[in-house]
Amino acid sequence: MKKFEQKFIELNQLVQKNNRIILTSHVYTDGDAMGCLISLYDYLKSIDKDVEIIIPGEVPPKYAFLHIDQIINHTTNFEAEYKISNAQLIIIVDVSSLKRLNGLYSAVKESKAKKVCIDHHPFEGDWIDLDIVDTDRVATGEMVFQFFKINNILINPLMAKALYTSILSDSGSFRFQRTDAFTFNMAAALVEAGADPAELYGHLYENSTQHQLQAWGEILKNVQSRDKLSWLIVPNRLFAEYHISKEEIDGIIDILRKIKDAQVVLVFIEKSEDEIIVGLRSKNGFDVGEFARKFGGGGHKHAAGFQQNQALKDVINITVAEIEKNIS
Ligand SMILES: [Mn+2]
């Protein structure tokens with residue numbers, strides 16, 4: 001895996017040269033992003049850098065096992081913007097589209113800091129000084145792992161746990177496309193370095209409540225299929241009806257993948273009236289990332305999403321018809 005060796009060496013030189021470093025990622029922080037942030041943070045702290053993680057939006061409590069309470073500051077917007085503008089180096093991980101920096105976008109763009117982007121999504125950013133993008137990788141965590149390996153950086157137990165969280169999340173526990181020998185070799189190295197597979201699987205996939213499972217059961221009754229497509233509609237009223245939050249239906253799209261004939265699966269979530277989130281997954285060659293980008297969203301070939309400001313039924317009709325037209 002020598003593909004980006006030079007770039008990872010260059011990144012380490014930037015790290016050595018600069019002291020005030022900010023780590024950031026996309027809004028709705030997921031396991032991959034969190035694993036990259038925590039492992040990089042722990043390394044940079046160990047070499048006495050003045051490093052901070054600043055992310056847009058809430059810090060998901062689900063990742064408490066990675067010591068996020070001690071590591072991630074809940075800074076005010078003003079403080080965050082000051083720290084970003086005053087940084088010497090900003091490392092952005094797993095962002096897919098820089099717009100997903102949300103409220104931090106302008107501060108990051110305008111900062112005089114050197115900016116580095118590490119990602120496994122197709123990525124465009126003309127104001128990034130160093131981009132390290134490998135769309136063949138299942139998780140950005142695999143690239144952060146390469147950064148450590150190439151620069152002979154020791155991976156301690158917390159870093160191992162964090163990076164294992166990255167690959168376990170984005171590979172759907174080693175099941176999704178692009179999970180390959182590199183992913184499994186890396187997993188083995190991380191287990192040797194202190195990551196416990198059963199413990200981490202539990203944190204990510206065995207953390208529901210009975211109530212949540214019952215609500216999923218009700219919601220899943222609405223699944224619909226036509227030929228190679230299956231989709232689930234989650235109208236806004238269901239959140240009140242089943243006393244469930246939007247975060248609590250995260251991951252329901254992966255249940256749809258179980259349908260044998262489904263090659264593309266979708267979930268339509270009505271966040272509020274005329275505010276619809278569409279999640280897409282592909283099991284064959286259909287590129288949902290490219291599809292989502294046509295609607296102003298982002299993602300990669302097998303997992304993507306976008307948002308539309310139209311009535312729920314219109315979004316469903318347009319999206320389903322458009323995919324049916326393009327799927328082979
Ligand atoms: Mn990712």
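Not measured: the values here are computed from a predicted model.

### Thoughts on the overall build of the protein
Then step 1. Looking only at helices and strands, the protein has 14 helices and eleven strands in total.
Then step 2. A compact globule built from 328 residues should have a C-alpha radius of gyration of about 20 Å, and the protein, at 20 Å, falls within 12% of that.
Then step 3. The C-alpha extent of the protein, read off along each of the three principal axes, is 55 × 40 × 40 Å.
Then step 4. Summarising the internal contacts of the protein: among those between residues at least 6 apart in sequence, 66% fall at separations of at least 24.
Then step 5. Accessible surface computed for the protein: about 15300 Å², of which carbon and sulfur atoms make up 48%.
Then step 6. Of note, the protein has its 36 positive side-chain charges centred 3 Å away from the centre of its 45 negative side-chain charges.

### Quick look at the pattern of salt bridges
Then step 1. A complete count under the given rule lists 13 salt bridges for this structure.
Then step 2. Residues lysine 7 and aspartate 131 are paired through a salt bridge, measuring 3.6 Å at the closest nitrogen-oxygen approach. Of the two residues, lysine 7 is situated in helix 1 (residues 5-17) and aspartate 131 in strand 5 (residues 130-133); the sequence distance between them amounts to 124 residues.
Then step 3. Take lysine 7: its relative accessible area is 29%, and that puts it in the partly exposed class.
Then step 4. You can call aspartate 131 partly exposed: its relative accessible area is 28%.
Then step 5. A salt bridge links lysine 221 to glutamate 218; the nearest nitrogen and oxygen atoms lie 3.3 Å apart.
Then step 6. Residue glutamate 218 is classed as partly exposed on the basis of its relative accessible area of 30%.
Then step 7. Shared partners join several salt bridges into a network, and the residues in it are Glu52, Glu79 and Lys83.

### Considerations on the coordination of the manganese ion
Then step 1. Asp32 (OD), Asp94 (OD), His120 (NE2) and Asp170 (OD) make up the full set of protein donors to the manganese ion, lying at 2.1 to 2.3 Å.
Then step 2. Along the chain, the residues that donate to the manganese ion are spaced as D-x61-D-x25-H-x49-D. Remark: aspartate 170 occurs in helix 7 (residues 157-170) and aspartate 94 occurs in the loop between strand 3 (89-93) and helix 5 (105-110); sequence separation between them is 76 residues. Neither aspartate 94 nor aspartate 170 differs from the other in exposure class; each is buried.

### Observations regarding the sheet that holds strand 10 (residues 298-300)
Then step 1. Ordered in space as 6-7-8-9-11-10, the six strands form an open sheet in which the pairing is mixed. The open sheet has two edge strands, strand 6 (224-226) and strand 10, and neither has a second partner. Within the sheet, the average angular offset between the axes of one strand and its neighbour, ignoring direction, is 20 degrees.
Then step 2. Strands in contact with helix 14 (residues 312-326) are strand 6, strand 7 (229-234), strand 8 (264-272), strand 9 (275-282) and strand 11 (303-308); relative to strand 8, the strand with the most contacts, it is inclined by about 160 degrees.

### Section: the packing of aromatic side chains
The relative placement of two aromatic rings is captured by the distance of their centres and the angle of their planes.
Then step 1. Evaluated as defined, the whole model comprises 14 aromatic pairs.
Then step 2. Summarising the aromatic geometry, the rings of tyrosine 164 and phenylalanine 174 are spaced 5.9 Å apart at their centres and angled 65 degrees between planes, so their arrangement reads as edge-to-face. Taken as a pair, tyrosine 164 in helix 7 and phenylalanine 174 in the loop between helix 7 and helix 8 (181-192) lie far apart in primary sequence, ten residues in all.
Then step 3. Classification of tyrosine 164 as buried rests on a relative accessible area of 5%.
Then step 4. Put simply, the rings of Phe8, Tyr43, Phe147 and Phe148 pair up and form one aromatic cluster.
Then step 5. The ring of tyrosine 105 is capped by lysine 99, whose NZ or CZ atom sits 4.1 Å from the centre of that ring.
Then step 6. Above the ring of phenylalanine 239, the side-chain terminus of lysine 246 is found at 4.4 Å from the ring centroid.

### Topic: the nonpolar core
Then step 1. In this structure, Leu23, Ile91, Phe148 and Leu190 are the most contacted members of the largest nonpolar core, which totals 58 residues.
Then step 2. Not counting residues up to four positions away in its chain, the partners in contact with isoleucine 91 are Leu11, Val15, Ile21, Ile22, Leu23, Thr24, Leu40, Val116 and Ile118.
Then step 3. Ranked by size, the runner-up nonpolar core spans 22 residues in total, among them Ile233, Val278, Val288 and Ile327.

Scoring rules and cut-offs
- Residues numbered from 1 in each chain as written.
- Predicted model: local features only at pLDDT ≥ 70, side-chain atom pairs only at ≥ 80, totals over all residues.
- Heavy atoms only, no water.
- Helix = DSSP H or I, 4+ residues; strand = E, 2+ residues; numbered from the N terminus.
- Rg over C-alpha atoms; globule rule 2.2 N^0.38 Å.
- Contact = heavy atoms within 4.5 Å.
- Areas by Shrake-Rupley, 256 points an atom, 1.4 Å probe, with all protein chains shown as cover.
- Lys, Arg positive; Asp, Glu negative; His and termini not counted.
- Charge placed at Lys NZ, Arg CZ, Asp CG, Glu CD.
- Salt bridge = Lys/Arg side-chain N within 4 Å of Asp/Glu carboxyl O.
- Buried < 20%, exposed > 50% of the residue type's maximum accessible area, 1.4 Å probe, protein only.
- Donors = N, O, S within 2.8 Å, 3.2 Å for Na, K, Ca; no water.
- Pairing = 2+ DSSP bridges.
- Axes fitted to C-alpha atoms, helices over the stretch in contact; angles between N-to-C directions.
- Phe/Tyr/Trp six-rings, centres within 6.5 Å; stacked < 30°, edge-to-face > 60°.
- Lys NZ or Arg CZ within 6 Å of the ring centre and 35° of its normal.
- Core = buried A, V, L, I, M, F, W, Y, C linked by side-chain atoms within 4.5 Å.

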